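Structural overview
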Amino acid sequence: MVTKLKLAAYALVLLALAHPALAPPVLGALGVLFGALLTVAGWGLANPSLILTIAAGLTLTRVFPGIPPWLGRALVVSVAVVFPRTA
């Protein structure tokens, strides 16, 4: 895995040397993508109750053929805990 990342980094450096005008927009786009990934990961880590409730709900829907009726109520309560003003 590390060697693939090194090869990709070398390829990006060579492309930046070959086309210097494209380097700033490409680096900007990569920075925005990395920032979006960090934002999603940070939000998920900041709201574990909602993430765990969604994961439990997905697990239960796979185990049981029908969705349990209390699952919707549990999701609403979890959203109310994370976002108290929207409930």
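Anything mentioned here points back to the structure above.
Residues numbered from 1 in each chain as written. Predicted model: local features only at pLDDT ≥ 70, side-chain atom pairs only at ≥ 80, totals over all residues. Heavy atoms only, no water.

Section: the overall build of the protein chain
This is how it is decided: The secondary structure listing takes helices from DSSP runs of H or I that are at least 4 residues long and strands from runs of E that are at least 2 residues long, numbered from the N terminus. The globule rule used here is 2.2 Å times the number of residues to the 0.38 power, and the radius of gyration it is set against is calculated over C-alpha atoms. Partly exposed residues are those whose accessible area sits between 20% and 50% of the maximum for their type, while under 20% is buried and over 50% is exposed, using a 1.4 Å probe and protein chains only.
When you go through the protein chain residue by residue, the secondary structure sums to 4 helices and 0 strands. Sequence-ordered secondary structure for the protein chain, helices as α and strands as β, is α-α-α-α. In terms of overall dimensions, the protein chain is more spread out than a globule: its C-alpha atoms have a radius of gyration of 21 Å, far above the 12 Å expected for 87 residues. With the principal axes as the frame, the protein chain shows a C-alpha extent of 60 × 35 × 20 Å. Each of the 87 residues in the protein chain was classed as buried or not, and the buried ones make up 9%.

Things to note about the environment of Ile54
Position of Ile54 relative to the elements: it lies in helix α3 (residues 48-63). Using a relative accessible area of 39% as the deciding quantity, one classes Ile54 as partly exposed.

A look at the packing of helix α2 (residues 23-46) against α3
Going by this rule: For helices, the axis comes from a line fit to the C-alpha atoms of the stretch in contact; other axes are also lines fit to C-alpha atoms, and the angle between any two N-to-C directions lies between 0 and 180 degrees. An angle below 35 degrees is read as roughly parallel, one above 145 as roughly antiparallel, one from 65 to 115 as roughly perpendicular, and any other as oblique. Contacts between residues were defined by any pair of non-hydrogen atoms, one from each residue, lying within 4.5 Å. Residues were grouped as follows: Ala, Val, Leu, Ile, Met, Phe, Trp, Tyr, Cys and Pro as nonpolar; Asp, Glu, Lys and Arg as charged; and all remaining residues, including Gly, as polar.
The N-to-C vectors of α2 and α3 enclose an angle of 90°; their axes lie 5 Å apart at closest approach. Classified by the angle between their axes, α2 and α3 sit roughly perpendicular to one another. Taken together, the residues of α3 that come into contact with α2 (itself represented by Trp43, Gly44, Leu45 and Ala46) are Pro48, Leu50 and Ile51. Split by residue class, the contact of α2 with α3 holds 6 nonpolar, 1 polar and no charged.

A few points about the environment of Pro20
With respect to the helices and strands, Pro20 occurs in the loop between α1 (2-18) and α2. For Pro20 and Gly72, which are 52 residues apart along the polypeptide, the C-alpha to C-alpha distance reads 53 Å.

Here's the deal with a nonpolar patch on the surface
In plain terms, the rule: Patch membership is restricted to residues that have no salt bridge and whose relative accessible area is over 30%. Joining uses 9 Å for like charges and 5 Å for the nonpolar side chains Val, Leu, Ile, Met, Phe, Trp and Tyr. Here the Shrake-Rupley method, with its probe set to 1.4 Å, supplies the accessible areas, and only the displayed protein chains count as covering residues. Should a side-chain nitrogen of Lys or Arg be within 4 Å of a carboxyl oxygen of Asp or Glu, the pair is scored as a salt bridge.
A contiguous nonpolar surface patch, about 770 Å² in accessible area, is contributed by Leu12, Leu15, Leu22, Val26, Leu27, Leu30, Leu33 and Leu37. Counting residues per element, the ones that place at least two in the nonpolar patch are α1 and α2. It is α2 that contributes the most residues to the nonpolar patch, 5 residues altogether. On the secondary structure map, Val26 appears in helix α2.

Side note on α1
The test is simple: In this analysis, the expected span of each helix is defined as 1.5 Å times one less than the number of residues it contains.
For α1, which comprises 17 residues, the first-to-last C-alpha distance of 24 Å matches the rise-based estimate of 24 Å (1.5 Å per residue) to within 8%. Burial of α1 is sparse: only 0 of the 17 residues sit out of reach of the surface.

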